[in-house]
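Given next are the chains, with one letter for each unit.
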Amino acid sequence: MYIELSLDLIRKGIQQENIVQVSSVFATQVATKSAIITNKESLSQKFQSIFDNASQRPFQLSKNNFSKSASGKIRSNMWDFDILSPKIEIRDDSAFVECQLVLWGAGSEGLKVSERFVFFAPQKVKPTVVEEGYHEWGSIKKLDRKSPKAGGWALVSCENLFSFLEDFGDKSVQIEKSGGGQK
């Protein structure tokens with residue numbers, strides 16, 4: 001459930017060009033296909049650059065008539081972003097999500113690329129009482145995934161998200177449609 005919520009935060013954050021919302025899901029260090037983003041400030045700058053350039057996007061579909069509750073989408077040039085068909089596999093403290101990224105307004109059928117997100121559930125260190133008044137902090141307990149207060153999942157890796165958004169899907173889709181290189 002937390003993984004699905006994280007995917008929804010990414011989708012809505014990008015659709016509304018909300019850097020705080022979308023980056024809240026990411027870990028401090030994120031691996032991409034081409035680089036490692038080493039801190040939240042770099043991540044925010046990356047998204048800001050993508051959102052600043054989004055006004056240059058050519059659209060083949062017009063914006064829907066959004067309600068006032070969707071006011072973030074009205075002002076956004078990324079309103080057509082979506083994440084489709086997520087298949088989630090959880091192994092120990094990692095979750096792997098195979099899905100498709102889509103920009104619906106960029107083509108007659110939308111432009112799509114395969115994506116693999118990797119989430120990590122941070123471990124929580126629990127103190128062990130050694131003697132009265134003394135604690136040992138060396139023991140590690142795995143995160144209790146049922147309790148939201150225990151922590152959460154953080155996105156640590158994505159393959160195509162940034163390149164897809166930076167290129168508005170153009171290069172990624174050409175590769176995928178020709179069958180070369182992409183899953």
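It should be emphasised that the depicted structure is a prediction, and the values quoted were computed from it without experimental measurement. (Residues numbered from 1 in each chain as written. Predicted model: local features only at pLDDT ≥ 70, side-chain atom pairs only at ≥ 80, totals over all residues. Heavy atoms only, no water.)

K.L.:
Whenever I open this one, the overall build of the protein confuses me. Can you help?
P.N.:
Across its full length, the protein holds 6 helices and 10 strands. For the protein, the proportion of its 183 residues judged to be buried stands at 39%. Summed over its atoms, the accessible surface of the protein is roughly 10700 Å², and 50% of this surface lies on carbon and sulfur atoms. (Helix = DSSP H or I, 4+ residues; strand = E, 2+ residues; numbered from the N terminus. Buried < 20%, exposed > 50% of the residue type's maximum accessible area, 1.4 Å probe, protein only. Areas by Shrake-Rupley, 256 points an atom, 1.4 Å probe, with all protein chains shown as cover.)

K.L.:
Looking at this model, I keep getting lost on the side chain of glutamine 21. Mind explaining?
P.N.:
Tracing the sequence through the fold places glutamine 21 in helix α2 (residues 19-23). Glutamine 21 sits in the buried class, given a relative accessible area of 18%. Residues in contact with glutamine 21, not counting those within four places in the same chain, are Leu9, Lys12, Gly13 and Gln16. (Contact = heavy atoms within 4.5 Å.)

K.L.:
What exactly am I supposed to notice about the packing of aromatic side chains here?
P.N.:
The description of two aromatic rings rests on the distance between their centres and on the angle between their planes. Counted under the stated rule, the structure contains 5 aromatic pairs. With centroids separated by 5.7 Å and ring planes inclined at 70 degrees, the aromatic side chains of phenylalanine 26 and phenylalanine 47 adopt a geometry described as edge-to-face. Here phenylalanine 26, found in strand β1 (residues 26-31), pairs with phenylalanine 47, found in helix α3 (residues 40-53); they are 21 residues apart in sequence, far enough to count as distant. Across the pair, exposure class does not vary: phenylalanine 26 and phenylalanine 47 are buried alike. (Phe/Tyr/Trp six-rings, centres within 6.5 Å; stacked < 30°, edge-to-face > 60°.)

K.L.:
Sorry if this is basic, but what is going on with the sheet that holds strand β5 (residues 111-120) here?
P.N.:
In sheet architecture, strand pairing relies on hydrogen bonds along the backbone and comes in two forms, parallel and antiparallel. Reading across the sheet, the 6 strands line up as β2-β1-β10-β5-β4-β3 and stay open at both edges, with mixed pairing between neighbours. With one partner strand each, in any of the chains shown, β2 (36-37) and β3 (81-91) form the two edges of the open sheet. In this structure, β3 lies alongside strand β4 (residues 94-103), joined through 9 bridges in antiparallel fashion. Across the sheet, residue isoleucine 88 finds its bridge partner in β4, namely valine 97. Packing against the sheet, helix α1 (residues 2-15) makes contact with β3, β4, β5 and β10 (154-158), and its axis sits at approximately 155 degrees to β3. Lying over the sheet, α3 contacts β1 and β2, oriented at roughly 75 degrees with respect to β1. (Pairing = 2+ DSSP bridges. Axes fitted to C-alpha atoms, helices over the stretch in contact; angles between N-to-C directions.)

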